[in-house]
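One letter stands for each residue in the lines below.
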Amino acid sequence: MLQVRDLVKYFDGVKAVDGVSLEVHAGECVALIGPNGAGKSTCFACIAGQHRLTGGEVVWAGQRLDTLTPAQRLGRGVARTFQVAQTFEALTVLQNLQLAVTARLGLPAWNVLDTAAVEVASELLARVGLQPLAHADVLGLPYGAKKRLELGIALAGLGEAVPVAPDAQAHAAPTPRLLLLDEPAAGLAEPERVALMQLVKSLAVEGVAVLYTEHNMDAVFGVADRVLVLIEGRLVAQGTPLDIARHPEVRSRYLGHAFDMDKP
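The text that follows walks through the structure, step by step, so that each part is easy to find. None of these values were measured; they are calculated from a predicted model.

Section: the sheet that holds strand β2 (residues 14-24)
Point 1. Pairing is antiparallel in the open sheet, where four strands are placed in the order β2-β1-β4-β5. With partners counted over all chains shown, the strands left at the sheet margins are β2 and β5 (63-64), one partner each.
Point 2. Both strand β1 (residues 2-11) and strand β4 (residues 55-60) contribute to a ladder of five bridges, which runs antiparallel. Paired with L2 across the two strands is W60, which belongs to β4.
Point 3. Each of β1, β2 and β4 is contacted by helix α1 (residues 40-48), which is oriented at about 115° to β1, the strand it contacts most.

Points about unusual backbone geometry
Negative phi characterises most residues that are not glycine, and trans characterises most peptide bonds.
Point 1. Backbone geometry at D6 places phi at a positive 50°, although glycine is not the residue there.
Point 2. Along the polypeptide, D6 turns up in strand β1.
Point 3. The backbone phi angle of E183 is positive, close to 50°, even though this residue is not glycine.
Point 4. The residue E183 is located in the loop between β7 (178-182) and α8 (190-205) in this model.
Point 5. Note on E183: relative accessible area 12%, which makes it buried.

Considering helix α6 (residues 143-157)
Point 1. With 15 residues, α6 ought to run about 21 Å at 1.5 Å a step, and its terminal C-alpha atoms sit 21 Å apart, in line with that.
Point 2. Of all 15 residues that make up α6, 14 are buried, and the element is covered over most of its length.
Point 3. Once α6 finishes, G159 follows within two positions and takes phi at roughly 90°, a positive value.

As for the side chain of D66
Point 1. Among the secondary structure elements, D66 is positioned in the loop between β5 and α2 (70-75).
Point 2. A polar contact of 2.8 Å, which involves the side chain of D66, links it to the backbone nitrogen of V58.
Point 3. A polar contact is formed between the side chain of D66 and the side chain of R64, at a distance of 2.6 Å.
Point 4. Discounting residues that sit within four places of it in the chain, D66 has contacts with L53, E57, V58 and R73.

Some remarks on the sheet that holds strand β6 (residues 78-81)
Point 1. Ordered in space as β6-β7-β8-β3-β9-β10, the six strands form an open sheet in which the pairing is mixed. Strands with a single pairing partner mark the edges of an open sheet, and in this sheet they are β6 and β10 (234-239). The sheet shows a mean angle of 15° between the axes of neighbouring strands, direction not considered.
Point 2. Pairing analysis gives five bridges linking strand β9 (residues 226-231) to β10, with the strands arranged antiparallel. Each bridged residue has a counterpart across the sheet, and for V229 the counterpart in β10 is A237.
Point 3. In the packing of α1 onto the sheet, the strands contacted are β3 (29-33), β6, β7, β8 (209-213) and β9, and the crossing angle to β7 comes to about 150°.

Looking at the pairing of β3
Point 1. Within β3, five of the five residues are buried, which leaves the element mostly enclosed by the surrounding structure.
Point 2. Here four bridges tie β3 to β8, and the two strands are oriented parallel to one another. Directly across from V30, in β8, lies its bridge partner L211.
Point 3. In terms of strand pairing, β3 meets β9 through four bridges, oriented parallel. Opposite L32, over in β9, you have L228 as the bridge partner.

Structural notes on the side chain of K146
Point 1. One can find K146 in helix α6.
Point 2. Setting aside residues no more than four positions away along its own chain, K146 makes contact with A85, T87, E89, V138, L139 and L141.

Thoughts on the nonpolar core
Point 1. Membership of the largest hydrophobic core comes to 55 residues, with the highest contact counts inside it found for I33, L151, L179, V210, Y212 and I244.
Point 2. Looking at this core, the element that brings in the most residues is α6, giving seven residues.
Point 3. The residues touching Y212, leaving out its near neighbours within four places in the chain, are C29, V30, A31, L32, F44, L181, P184, M197, A219, V220, V223 and A224.
Point 4. Within the second largest apolar cluster, 28 residues are counted, among which are L32, I47, A48 and W60.

What about the pattern of salt bridges?
Point 1. In the structure shown here, the tally under the stated rule is 13 salt bridges.
Point 2. In this structure, R5 and E57 form a salt bridge, with 2.5 Å as the shortest nitrogen-oxygen distance. Highlighted residues: R5 in strand β1 and E57 in strand β4, separated in sequence by 52 residues.
Point 3. A relative accessible area of 34% means that R5 is categorised as partly exposed.
Point 4. Put simply, E249 and R253 hold a salt bridge, and the shortest N to O gap is 2.9 Å. Here E249 and its partner R253 are both found in helix α10 (residues 248-255), four residues apart, which amounts to about one turn of the helix.
Point 5. Within the structure, one salt-bridge network assembled from shared partners comprises R5, E57, R64 and D66.

Criteria and cut-off values
- Residues numbered from 1 in each chain as written.
- Predicted model: local features only at pLDDT ≥ 70, side-chain atom pairs only at ≥ 80, totals over all residues.
- Heavy atoms only, no water.
- Pairing = 2+ DSSP bridges.
- Helix = DSSP H or I, 4+ residues; strand = E, 2+ residues; numbered from the N terminus.
- Contact = heavy atoms within 4.5 Å.
- Axes fitted to C-alpha atoms, helices over the stretch in contact; angles between N-to-C directions.
- Buried < 20%, exposed > 50% of the residue type's maximum accessible area, 1.4 Å probe, protein only.
- Expected span 1.5 Å × (residues − 1).
- Polar contact = N/O pair within 3.5 Å; in protein donor to acceptor, adjacent residues only side chain to side chain.
- Core = buried A, V, L, I, M, F, W, Y, C linked by side-chain atoms within 4.5 Å.
- Salt bridge = Lys/Arg side-chain N within 4 Å of Asp/Glu carboxyl O.

Following this line, the structure appears as structure tokens:
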């Protein structure tokens, strides 16, 4: 379980996140929504390790994360994506995933990239639906494909499809996995959004804890198990999608009184 307790983040005296507390359980898909400037991305960056906390703590699977680097958090099963897809554009789609897999396994990736972890990387390609684009240069990919590739890179970081030595597998419990997605559907057309969010939902069903931000309400209602609403750095509401759709303050300050969750 992810536990964020009284998270505070200041930037030059401006309180971007003001005492946020939240929980996300394994197998749960939770959306964090709110207007622009609400503090969603800052909250994500604090959980993932890009920002140091001003106050509060972040606990994952019973261990404090807020003193760890992003790489150390990744080693504990915490990966993230960004609003703008972060990929290696000089490489092919398959090479991106080969690099991500070999980096996790500690191999000298740049020396062996053409032949490294081809089978595992190909499994990840299939997982995110990019097999036909395996040898395409990432620079020329449609943006929706880049979003899927970035998700595949994050899954490689979590150990998805990465083989474990038999002796290690026999003695170690599986690493719990937390996936932080910062606007995964941003910039995508509706059919692409639907397909990507179905993939995200399937990861939660398989036991991954998923926390994501989003502005497209069709990627929130009908996908998320729970919804958290952040406004001006404070968590003003949380509950089921139906609870949030009916919440007076959320409708007044963010969704609008005419909002219909069946037609987001």
